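Coordinates in review
If you want the building blocks of each chain, they are given just below.
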2 protein chains.
Amino acid sequence: MSRASSSPTSLSLADYLGERRKLVEDALARFLPAPPQCPGMLDDAIRYSLLGGGKRLRPLLTIAAAEAVSDEDEESKAEARTLALPAACAIEMIHTYSLIHDDLPAMDDDNLRRGQPTSHVKFGEGMAILAGDGLLTEALALLAREPAASDVPVSLRKLRTIAIVATAAGVVGMVGGQAIDLHAARPHHGTAPAFTPDALRDMHARKTGALIRASAVAGAVMAGASPEQEAAVDAFATNLGLAFQIVDDILDVEGTDQTLGKTAGKDAAAGKPTYPALFGLAESKKLAREAADRGRAALEAARVTGRLLDIAEWVVGRRN
Amino acid sequence: MSRASSSPTSLSLADYLGERRKLVEDALARFLPAPPQCPGMLDDAIRYSLLGGGKRLRPLLTIAAAEAVSDEDEESKAEARTLALPAACAIEMIHTYSLIHDDLPAMDDDNLRRGQPTSHVKFGEGMAILAGDGLLTEALALLAREPAASDVPVSLRKLRTIAIVATAAGVVGMVGGQAIDLHAARPHHGTAPAFTPDALRDMHARKTGALIRASAVAGAVMAGASPEQEAAVDAFATNLGLAFQIVDDILDVEGTDQTLGKTAGKDAAAGKPTYPALFGLAESKKLAREAADRGRAALEAARVTGRLLDIAEWVVGRRN
């Protein structure tokens, strides 16, 4: 038995996450078009950001959701992983593109990401824009292309997954959330209205929540989840996305540049609306806990098991 | 009979193009997610660039290719149009995103497009980046979603179309071509090597040719072309893409800001490699004519008829 196919239940969470992370990172490097098909300087910029570490939360959710809705035997789980792996990689590519564009001078103007110079600092603004564009486009191409030689049911799952992922990444989801955030922080004309708690929730549901939700749902869909399983994974991941964002806001207040690998306190300095700013730290922590608990309840009600709950605990307890 | 379903052979070319253009523009406005699902300021920026005119060459190619491979009766042609319309719109959305990002200060830094202020001048750089990101993402979502309620054969065509279009738009195609162009014009480190004729052809085949080719092939695929028909449309559109780019370079020399609706002479001023610079004007015109003729021969050999040849003549003879 290879390391990557070890039974998910026989491993510590750290070992499970490590093994799945390696599975994803190997596949990311393999799925990307390489030179000379991809011009060398563009390939350098893309691999710098995509293969430069990160928690890999979204692809881990995709893989864990696929495993969670598959049958209990290890062969079924391995097949679920294989079916979900391109989606896991595509979503990490989309996440990485969003970070590259978000860091640009015209957006958040950040020079540090994961403790390293951001893409535009290292490769120039133009190449950073293109690296992001390339990652987004290749992500969708990958979802259409892999797994190759799919039979009709799997092909139809691929088509649904593309719709789910692209909708989550698009103007009703992630890009829409970025636009709301940008308009609030740096309006091009006039001033932007102050955020209400509802508007803050809407922005975060789009900006961060939509792709986290799609990560898990895509894994469930690619593995052939029943409608009930899919709905449970959806409810779980919707709540996890909310918990993730609240914790992110809390870490921006409590963390340091060193623990975060990015500039701490930046949201507050920019006057950005955050959960701690609106609700205070203690109440924010309570809101994160409650969201995670609602996610747990949704999974348990549908008897979807596996590592998803452990991942939720990891997200709420993380320090970066 | 509605105007939009008039028989393609009973109309002048200008009327045919006008009717098909209206079909596409109505569908573009309809397929885009609208507020409040799409935040208002992002929707403004997207519609400003997408619905602000343009030749609509690519979607016209998609529609004409679909009609060309369908049976001769008007009912078959109408069905082919309906099947290809989402792909036509998706490709125009991708083309528009590429213009918005190409015009950015970090790329070509252009203030004028189609006689109007470019997106970043009107909405700010950050919103222009997001409008481009949104258009690209929504284009792929549209391909997965429409036509809705597709049967299995049409769903499988949709999946192939997504792979074709995303690959053409990605790092082996359009984004790769932009990266080569950017690296030559504004290298981040050191100096870029001078272009050879082969390198110029490679850059243009990626930057402009790939999406023009995908436009026609997507229409053929969505309409259920035979492998022979698809290959003929592919060869036709590959040559048309080349002719288009050569004519574009010629117009940059011969045209004025007013006829072009964008800054004329810009490529030469920027020292960009162009066909006239490498081959001279007379030889460039001959190369464009030869490419169009090769395209014609490919279609005629496979007995694919319809408006595709007229569109090729329009492209070679255009003044803007």
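Computed from a prediction, not measured in an experiment: that's the story for all the values here.

**A few points about the overall build of chain A**
When helices and strands are counted, chain A shows 15 helices and two strands. For a compact globule of 320 residues, the expected C-alpha radius of gyration is about 20 Å, and chain A comes in at 19 Å, within 12% of that figure. Projected onto the principal axes, the alpha-carbon positions of chain A cover approximately 55 × 50 × 35 Å. Sorting the 320 residues of chain A into buried and exposed places 56% on the buried side. In chain A, of all internal contacts separated by at least 6 residues, the share reaching a separation of at least 24 is 72%.

**Here's the deal with the interface of chain B and chain A**
On the side of chain A, 48 residues touch chain B, which itself brings 48 residues to the contact. For the side of chain B that touches chain A, the secondary structure elements donating two or more residues are helix H2 (40–50), helix H6 (125–145), helix H7 (152–169) and helix H8 (174–185) of chain B. For the side of chain B that touches chain A, the element with the most residues is H6 of chain B, which contributes 14 residues.

**Notes on helix H3 (residues 57–69) of chain A**
For the α-helix, the turn length of 3.6 residues means that residues three or four positions removed from each other point alike. If you check H3 of chain A, its first and last C-alpha atoms are 18 Å apart, about what 13 residues at 1.5 Å a residue would give, namely 18 Å. Most of H3 of chain A sits out of view: 13 of its 13 residues are buried.

**Quick word on the relation of the copies chain B and chain A**
Placing chain B over chain A gives an RMSD of 0.0 Å and needs a rotation angle of 180 degrees, together with 0.0 Å of translation along the axis. A rotation of that kind, with that shift, is consistent with a two-fold axis. Proximity to the rotation axis, assessed at the C-alpha, singles out leucine 159 of chain B in chain B; its C-alpha lies 3.1 Å from the axis. Most of the interface of chain B is mirrored in chain A, where 100% of its interface residues are also at the interface.

**Let's talk about helix H15 (residues 308–317) of chain A**
Residue and element names in this part refer to chain A. Turning to H15, its buried residues number three or more, namely Leu308, Ile311, Ala312 and Val315. Taken down its axis, H15 places every buried residue within 105 degrees of arc, on the same side. Exposed residues pointing more than 90 degrees away from the buried face of H15 are listed as Glu313 and Gly317. Elements that come into contact with the buried residues of H15 comprise H3, helix H10 (227–254) and helix H14 (281–301).

**With respect to the packing of H2 of chain B against H6 of chain B**
Residue and element names in this part refer to chain B. Put simply, H2 and H6 touch, their axes get as near as 9 Å, and they point 75 degrees apart. Relative to H6, the element H2 lies roughly perpendicular. Listed contacts from H6 to Met41, Leu42, Ala45, Ile46, Ser49 and Leu50 of H2 are Met127, Ala128, Leu130, Ala131, Gly134 and Leu135. Of the residues that constitute the contact of H2 with H6, the class distribution is ten nonpolar, two polar and no charged.

**Some words on the nonpolar core**
The biggest cluster of nonpolar side chains holds 208 residues, and the ones touching the most others in it are Ile162, Val165 and Val233 of chain A together with Ile162, Val165 and Val233 of chain B. With sequence-adjacent residues up to four places away left out, valine 165 of chain B is seen in contact with Ala90, Ile91, Leu143, Ala214 and Ala218 of chain B.

**Concerning the packing of H7 of chain B against helix H9 (residues 197–222) of chain B**
Residue and element names in this part refer to chain B. Two numbers describe how H7 lies on H9: the axes approach to 9 Å, and their chain directions differ by 175 degrees. In terms of orientation, H7 and H9 fall into the roughly antiparallel class. Taken together, the residues of H9 that come into contact with H7 (itself represented by Arg157, Arg160, Thr161, Ile164, Val165, Ala168 and Ala169) are Ala210, Leu211, Arg213, Ala214, Val217, Ala218, Val221 and Met222. Broken down by class, the residue content of the contact of H7 with H9 amounts to eleven nonpolar, one polar and three charged.

**Structural notes on the confidence of the model for chain A**
Residues and elements named next belong to chain A. Mean pLDDT over chain A works out to 91, with 92% of the residues at or above the 70 mark. This model gives residues 1–6 a pLDDT under 50, and the stretch forms nine contacts once residues within four places in sequence are excluded. Here the complex is predicted with pTM 0.94, and the ipTM for its interfaces comes to 0.93.

**What about the environment of alanine 232 of chain B?**
Residues and elements named next belong to chain B. Examined against the element boundaries, alanine 232 turns out to sit in helix H10 (residues 227–254). Overall, the presence of 27 C-beta atoms within 10 Å leaves alanine 232 in the buried class. Through-space distance from the C-alpha of alanine 232 to that of alanine 220 is 9.9 Å; in sequence the pair is twelve residues apart.

**Overview of the environment of threonine 82 of chain A**
All names here are of chain A. Position of threonine 82 relative to the elements: it lies in helix H4 (residues 74–102). Judged by C-beta crowding, with 17 C-beta atoms within 10 Å, threonine 82 ranks as partly exposed. In the structure, threonine 82 is positioned 16 residues away from alanine 66 in sequence and 9.3 Å away in space, judged by C-alpha atoms.

**So, unusual backbone geometry**
The amide bond that connects proline 35 of chain B to the next residue, proline 36 of chain B, takes the cis arrangement and shows omega of 5 degrees. Tracing the sequence through the fold places proline 36 of chain B in the loop between helix H1 (13–31) and H2. In the segment running from glutamate 146 of chain B into proline 147 of chain B, the intervening peptide bond is cis, with an omega of -5 degrees. Topologically, proline 147 of chain B is positioned in the loop between H6 and H7. In this structure, arginine 56 of chain A takes a positive phi of about 60 degrees despite not being glycine.

The rules behind the values
- Throughout, residues of each chain are indexed from 1 in the direction in which the sequence is written.
- Just so you know, chain letters begin at A and ligand numbers begin at 1, following the order they were written in.
- Residues qualify for local features only when their pLDDT is at least 70, as the model is predicted, and side-chain atom pairs are given and counted only at 80 or more; totals for whole chains, interfaces and linings, by contrast, use all residues.
- Secondary structure is summarised from DSSP: a helix means a run of H or I of at least four residues, a strand means a run of E of at least two, and numbering begins at the N terminus for each.
- Radius of gyration here is computed from C-alpha atoms only, and the compact-globule reference equals 2.2 Å multiplied by the residue count raised to the power 0.38.
- Think of it as a crowd count around each C-beta: if 20 or more other C-beta atoms lie within 10 Å the residue is buried, if 12 or fewer it is exposed, and in between it is partly exposed, with C-beta placed from the backbone throughout.
- C-beta atoms are first placed from the backbone for all residues, and any pair lying within 7 Å is then listed as a contact.
- Between the first and last residue of a helix there are one fewer steps than residues, each counted as 1.5 Å, and that sum is the expected span.
- The copies are overlaid by a least-squares fit using only the C-alpha atoms of residues whose pLDDT is at least 70 in both copies.
- Note: the arc covers the axis-to-C-beta directions of the helix.
- Axes, fitted as lines to C-alpha atoms, cover a helix only where it is in contact. Angles between the N-to-C directions of the axes lie from 0 to 180 degrees.
- Any angle from 65 to 115 degrees is called roughly perpendicular, while one under 35 is roughly parallel, one over 145 is roughly antiparallel, and all others are oblique.
- Ten residue types, Ala, Val, Leu, Ile, Met, Phe, Trp, Tyr, Cys and Pro, are classed as nonpolar, four, Asp, Glu, Lys and Arg, as charged, and the remainder, Gly among them, as polar.
- By definition, a nonpolar core groups buried Ala, Val, Leu, Ile, Met, Phe, Trp, Tyr and Cys residues that connect through C-beta atoms lying within 7 Å of each other.
- Residue-level confidence of the predictor is summarised by pLDDT, bounded by 0 at the bottom and 100 at the top.

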